[in-house]
Amino acid sequence: MLASNLPKSPFFPTHYVPISRSFHITCSVSQLQTAAAETVNGRLSERNEIRLGLPSKGRMAADTLDLLKDCQLSVKHVNPRQYVAQIPQLSNLEVWFQRPKDIVRKLLSGDLDLGIAGFDTVSEYGEGNEDLIIIHDALDYGDCRLSLAIPKYGIFENINSLKELAQMPQWTKEKPLRVATGFTYLGPKFMKDNGLNHVSFSTADGALEAAPAMGIADAILDLVSSGTTLKENNLKEIDGGVVLQSQAVLVASKRSLIQRKSALDTTHEILERLEAHLRAEGQFTVVANMRGNSAEEVAERVLSQASLSGLQGPTVSPVFCKRGGQIAVDYYAIVICVPKKALYKSVQQLRAIGGSGVLVSPLTYIFDEETPRWRELLSTLGL
Ligand SMILES: Nc1ncnc2c1ncn2[C@@H]1O[C@H](COP(=O)(O)OP(=O)(O)OP(=O)(O)O)[C@@H](O)[C@H]1O
Ligand SMILES: O=P(O)(O)OC[C@H]1O[C@H](OP(=O)(O)OP(=O)(O)O)[C@H](O)[C@@H]1O
Ligand SMILES: [Mg+2]
């Protein structure tokens, strides 16, 4: 990260330099960030609207808007260069589009109340600050891991674990293991936690995978998703080298939730809608007809099959038909929810117990009585 890329803020001094030149300066920037948060600590700026930060660009942006749309929380955003928008369903909420790292910084400074960003970004820029609380930890996109990678060739050919890397005689105080990373908080912390003492760091804004071949670094610590970029650059991950697994998360400032009127109600509604949609996304509704003597007997047959128990057991309803002028019940309709992954197995099991005319449709929402994540949030807030 270069000084010219930093936001123009009194909290980011212009003398900030890449960590390849001086690592301790990163620490003083983070201290200043904390100081920025503390200046408003206990006395949040006066505004009535709740502010939600969403990624303004990059790979998280479109998926975030799609997720909210699927939760019936479409963002009304007319112009991509306009950084403020609304979600008509949430009247006292303002959406602010920001870079993911700035979402985290602004949650800490009290300028945002809620945000969506990758867990990696929250961990890196949040620096373990206790004001940040993850409200939903699995929004189901932006999956990747922060992982250490080394060349497949040369002195690393037979090195396959972090332990082996640490034990290599090459690394000394004078000649440390050189790691290129954009994660200047998590990187050093991970190395220290794992007992690697002779390590130095350099940073760049992207294409870190080129650093070992260019002779700039021995190893890199970067996000990996499919692994293609590593493979194409002759690099490999090692056992014990994963710093964290990441996906998009909903994060909030604890102070905001406690102090801002209606922040908690808005959060509850967003969380309920997210949960209902995400729970439903992995499931199908399956309807089938089944011959039987009674609803109980049909239910018993269905419950004898492991894949067919549904959310709270099957719904069984009589199918009425007219036979010889009389109303009769020969069939029962059963309705169950099955995980998408188990669909075919479930259909096979339904057939095996006499199911016919199997209809499968997608589920839009599953609203449970109360979400465990909401209970967890209230207990974290001491409410
Ligand atoms: N290869 C990947 N696959 C899936 N998700 C990824 C991948 N790389 C990054 N991500 C997720 O997307 C987030 C944002 O990545 P993005 O490329 O938009 O921004 P960036 O490059 O980190 O920031 P900048 O705006 O400085 O370029 C990451 O923090 C991570 O959570
Ligand atoms: O494992 P893969 O699926 O190959 O993905 C990993 C790559 O994706 C990210 O880079 P990005 O595409 O955001 O480019 P950048 O390095 O310029 O940020 C990350 O920094 C890796 O380079
Ligand atoms: Mg990127």
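Residues numbered from 1 in each chain as written. Chains lettered and ligands numbered in written order. Predicted model: local features only at pLDDT ≥ 70, side-chain atom pairs only at ≥ 80, totals over all residues. Heavy atoms only, no water.

Asker: What am I meant to see in the UniProt feature "domain: ATP phosphoribosyltransferase catalytic" (unreviewed entry) in the protein here?
Answerer: The sites that UniProt annotates as "domain: ATP phosphoribosyltransferase catalytic" (unreviewed entry) are residues 99-275. Spanning residues 99-275, this segment combines 33% helix with 29% strand, and its end C-alpha atoms are found 25 Å apart. (UniProt positions renumbered as here; feature names shortened; annotations may be inferred. Helix = DSSP H or I, 4+ residues; strand = E, 2+ residues; numbered from the N terminus.)

Asker: Sorry if this is basic, but what is going on with the pattern of salt bridges here?
Answerer: One pass over the structure, following the stated rule, counts 14 salt bridges. Between Arg145 and Glu237 there is a salt bridge; the shortest N-O distance is 2.8 Å. Residue Arg145 is found in strand 6 (residues 144-151), and its partner Glu237 is found in strand 10 (residues 235-246); the two are separated by 92 residues along the sequence. Using a relative accessible area of 29% as the deciding quantity, one classes Glu237 as partly exposed. Salt-bridge contacts for Glu297 lead to Arg301; the nearest nitrogen and oxygen are separated by 3.0 Å. (Salt bridge = Lys/Arg side-chain N within 4 Å of Asp/Glu carboxyl O. Buried < 20%, exposed > 50% of the residue type's maximum accessible area, 1.4 Å probe, protein only.)

Asker: Please explain the nonpolar core as it appears in this structure.
Answerer: Within soluble globular proteins, side chains that are nonpolar generally end up buried alongside one another. Of all hydrophobic cores here, the largest spans 34 residues; its most connected members are Val95, Leu139 and Leu257. Ranked by residue count, the leading element in this core is helix 10 (residues 263-281), at six residues. Sequence-distant contacts of Leu257, that is, excluding residues within four places in its chain, are made with Ile133, Ile135, Ala252, Ala263, Leu264, Thr267, Leu377 and Leu381. Within the second largest apolar cluster, 22 residues are counted, among which are Ile150, Trp171, Ala219 and Ile238. (Core = buried A, V, L, I, M, F, W, Y, C linked by side-chain atoms within 4.5 Å. Contact = heavy atoms within 4.5 Å.)

Asker: Honestly, the site of ligand 1 in this entry has me stumped. Any pointers?
Answerer: Inspection of the region around ligand 1 gives 13 residues, with Gly58, Arg59, Arg99, Asp120 and Thr121 positioned closest. Measuring from an oxygen atom of ligand 1, one finds a side-chain N or O atom of Thr121 at 3.0 Å. One of the side-chain N or O atoms of Ser225 is found 3.3 Å from a nitrogen atom in ligand 1. Elements that contribute at least two residues to the shell around ligand 1 include exactly helix 2 (59-70) and helix 4 (119-126). Partitioning the shell around ligand 1 into residue classes produces three nonpolar, five polar and five charged. The residue makeup of the shell around ligand 1 includes at least three contributed by each of domain 1 (41-142 + 247-279 + 373-380) and domain 2 (144-246). (Near = heavy atom within 4 Å. Polar contact = N/O pair within 3.5 Å; in protein donor to acceptor, adjacent residues only side chain to side chain. Nonpolar A, V, L, I, M, F, W, Y, C, P; charged D, E, K, R; others polar. Domains from an automatic or database assignment.)

Asker: Would you take a moment to explain a negative patch on the surface for this structure?
Answerer: A cluster of acidic residues, Asp63, Asp66, Asp70, Asp140, Asp143 and Glu281, forms a negative patch on the protein surface. With three residues, helix 2 is the largest single contributor of residues to the negative patch. For Glu281, the location among the structural elements is in helix 10. (Patch = residues over 30% accessible without salt bridge, like charges linked within 9 Å, V, L, I, M, F, W, Y side chains within 5 Å. Areas by Shrake-Rupley, 256 points an atom, 1.4 Å probe, with all protein chains shown as cover. Lys, Arg positive; Asp, Glu negative; His and termini not counted. Charge placed at Lys NZ, Arg CZ, Asp CG, Glu CD.)

Asker: It is not clear to me how the site of ligand 2 should be interpreted in this structure. Could you clarify?
Answerer: Within the structure, ligand 2 sits among Arg59, Gly206, Ala207, Glu209, Asp222, Leu223, Val224, Ser225, Ser226, Gly227, Thr228 and Thr229. The side chain of Glu209 places a nitrogen or oxygen atom 2.6 Å from an oxygen atom of ligand 2. The side chain of Ser226 places a nitrogen or oxygen atom 2.6 Å from an oxygen atom of ligand 2. Relative to its unbound accessible surface of 490 Å², ligand 2 loses 63% to contact with the protein. Where the shell around ligand 2 is concerned, the elements lending two or more residues are strand 9 (219-224) and helix 8 (228-232). Per-element accounting of the shell around ligand 2 gives the leading share, three residues, to strand 9.

Asker: Would you mind going over the domain arrangement of the protein with me for this structure?
Answerer: The accessible area lost on association of the parts is a frequent measure of interface size. On domain assignment, one finds that the protein holds domain 1 (41-142 + 247-279 + 373-380), domain 2 (144-246) and domain 3 (283-362). Taking the mean C-alpha position of each, domain 1 and domain 3 sit 41 Å from one another.

Asker: Help me understand the side chain of Glu94 in this model?
Answerer: In this structure, Glu94 sits in strand 3 (residues 93-98). Looking at Glu94, its side chain comes within polar contact range of the side chain of Arg51, at 3.4 Å. Here Trp96 takes part through its side chain, which lies 2.8 Å from a polar atom of the side chain of Glu94. Apart from residues lying up to four places away in sequence, Glu94 is in contact with Glu49, Ile50, Arg51, Leu52 and Ala85.

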